[in-house]
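What follows is each chain in one-letter form.
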Amino acid sequence: MDSRKVYVTRVALTVALGGFLMGFDASVISGVVRFIEPEFGLSKLQLGWAVGSLTLTSTLGMLFAGPLSDRLGRRTTLKIAAVLFAISAIASALAQTFWFLVIARMLGGFGVGFALIIPPMYIGEIAPPKIRGRLVSFNQLNIVVGISAAFFTNYLILQWAQSDAAWAQALMIDEHTWRWMLGLETLPALIFFIGLYFVPKSPRWQIMIGNREDGENTLTQIVGPESAKKQVSDILENLEADKEKEKVSIKEIFHPYLRYVLLIGVTLAVLQQITGINAVFFYAPVIFEQSGIGTDASFMQAVLVGLTNLVFTVFAIMLIDKLGRKPLLIGGLTGITLMMMLLAYGFNAATYELDEESIQTIEAPVNLDLLSANMANITYDDDVQFRAALTETLGSEAAVEFESQIITAAIDINPKLILFAILGFVASFAISLGPVMWVMFSELFPLRVKGFAISFAGFINSAISFLVQLVFPWELATLGNSMTFLLYGIFALIGLFFVWRVVPETKNKSLEELEEQLVATS
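Residues numbered from 1 in each chain as written. Predicted model: local features only at pLDDT ≥ 70, side-chain atom pairs only at ≥ 80, totals over all residues. Heavy atoms only, no water.

So what's going on with the overall build of the chain? Which residues, and what values?
The helix and strand inventory of the chain stands at 27 helices and three strands. Taken against the 2.2 N^0.38 rule, which gives 24 Å for 522 residues, the C-alpha radius of gyration of the chain at 25 Å falls within 12% of a compact globule. Burial analysis of the chain (522 residues in total) assigns 55% to the buried set. In the chain, the proportion of contacts linking residues at least 24 apart, taken out of those at least 6 apart, comes to 80%. Total accessible area on the chain stands at roughly 22800 Å², and carbon and sulfur atoms take up 63% of it. (Helix = DSSP H or I, 4+ residues; strand = E, 2+ residues; numbered from the N terminus. Rg over C-alpha atoms; globule rule 2.2 N^0.38 Å. Buried < 20%, exposed > 50% of the residue type's maximum accessible area, 1.4 Å probe, protein only. Contact = heavy atoms within 4.5 Å. Areas by Shrake-Rupley, 256 points an atom, 1.4 Å probe, with all protein chains shown as cover.)

Any details on the side chain of Ser 432? Residues and values, ideally.
For Ser 432, the location among the structural elements is in the loop between helix H23 (415-430) and helix H24 (433-444). Its relative accessible area of 0% is what places Ser 432 among the buried residues. Residue contacts for Ser 432: discarding those within four places in its chain leaves Leu 328, Leu 329, Gly 332, Leu 333, Ile 336 and Met 437.

I'd like a description of the packing of aromatic side chains, backed by residues and values.
If you walk through the whole model with that rule in mind, you get 14 aromatic pairs. Measuring from centroid to centroid gives 6.2 Å for Phe 20 and Phe 24, while their planes differ by 25°, and the two rings are stacked. You can see Phe 20 and its partner Phe 24 sitting in helix H2 (residues 17-27), four residues apart, about one turn around the helix. Comparing Phe 20 with Phe 24 shows no difference in burial state: the two are buried. Through successive ring pairs, a cluster of aromatic residues spans Tyr 283, Phe 347, Phe 472, Phe 485 and Tyr 488. The ring of Tyr 197 carries Lys 79 above its face, with NZ or CZ at 3.7 Å from the centroid. Directly above the aromatic system of Trp 500 lies the positively charged group of Arg 501, at a separation of 5.8 Å from the ring centroid. (Phe/Tyr/Trp six-rings, centres within 6.5 Å; stacked < 30°, edge-to-face > 60°. Lys NZ or Arg CZ within 6 Å of the ring centre and 35° of its normal.)

Explain the pattern of salt bridges to me, and be specific about the residues and the numbers.
Inspection of every chain in the model, using the stated rule, returns six salt bridges. A salt bridge links Arg 34 to Glu 289; its shortest N-O distance comes to 2.9 Å. Remark: Glu 289 occurs in helix H15 (residues 277-289) and Arg 34 occurs in helix H3 (residues 33-40); sequence separation between them is 255 residues. Residue Glu 289 is classed as buried on the basis of its relative accessible area of 9%. Put simply, Arg 387 and Asp 383 hold a salt bridge, and the shortest N to O gap is 2.5 Å. Taken together, the residues span about one helical turn, with Arg 387 and Asp 383 both in helix H20 (residues 383-394) at a distance of four residues. The class of Arg 387 is buried, set by a relative accessible area of 12%. (Salt bridge = Lys/Arg side-chain N within 4 Å of Asp/Glu carboxyl O.)

What follows is the structure in structure tokens.
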């Protein structure tokens, strides 16, 4: 690899740390929920707010990211994102009330929105065409690495909280476990902020605001002097052509000639979230605790979720141009449907019963005599009945705080089946809906309305993601584990039928060919 490629690769990796922070910030909450629910006395919908609030403001962040980066520059906007990540991490770790925590998380959501839009934009603007696809994919890969890192650090901090080591005791990790989980993000945010001082400003942005000489110098570092001069000429020509184009209104994306591609784009945006991926990513330890394996094992299995997501995302990047978009979607949605049905079956087959022997194994500081008097030797056929009896016996606060330990003593289930189904679901998603949706967004919409159309579909995607995160704790408490996952499986089955019948294959076709094929001419 020559020096220019090394340079641009280093720059792309530095900028892609924004994706890492986004993935970390979004998923670190998965380890926090089991601690903040009893500490702040949250209802199920409040718990959903604590998780989903970040997604709510990230949607607004995505809308502001483009205009802000045009005004201030890509690099400056990313520095703002790094500061937002750091402030959010510190404020979240220090939160003394539920609403303070929510506001701190919402602040970080703006950083997430910036980190989703700006890094791929910046990398696309500096990358040589021959390696652009690979370099832009660094951001998506880093998002997945960030998710995995959050699961791993959550597990590590949980282990440190149980350690007798002097340093762990001095840092009071056992007393402030969830605060350390959230506060740890400050470190990569600081590294990202410092690293941005060692990357150049976007050459296309420099030329766009009139700094032609600076832009050409930056391009010379990346592609050499001859190619730099040609690219500067092309950029100036495109900017001049853009001035002459008629302004596009957002109303145009609802014109009848775009009905078909808009239907596909919006359906994929909804489908990616309504099949439950962020319920699994953001509540993974909670889901595993429902299978009765205990807290430590639940956090360890969440690490496996992150690793599975990482491995199959790499497979998707390798296969998407070889197999095509539609085969990956069909295969992935088939897997998602089967795995969600398997989860529903596994939890539906579970029973809950406390006998005198199992009650004595419960290490939680609860009134064991009350459990013996009111729940011993009674078989409950589903988790909703069991939790209701537990709440009636111990009171809501104790029932929530010690639910994991008591379920472990009572449940009769196949936990390996649950683990297999969750990992199978994540693998199926990571190789299909995860990356393919964004690729198809870039291909489906005509160039004239692409920006508005992708923003609109992305907004729908984020809105559904927020709703899924918000209602998931309520679904588990009200509908039960089995019915919740059954609903996700039904949505995936409907989506599979839609993809099979409606979604076209876009592999190996130019954007012009796709526009001619998909967009009505009338």
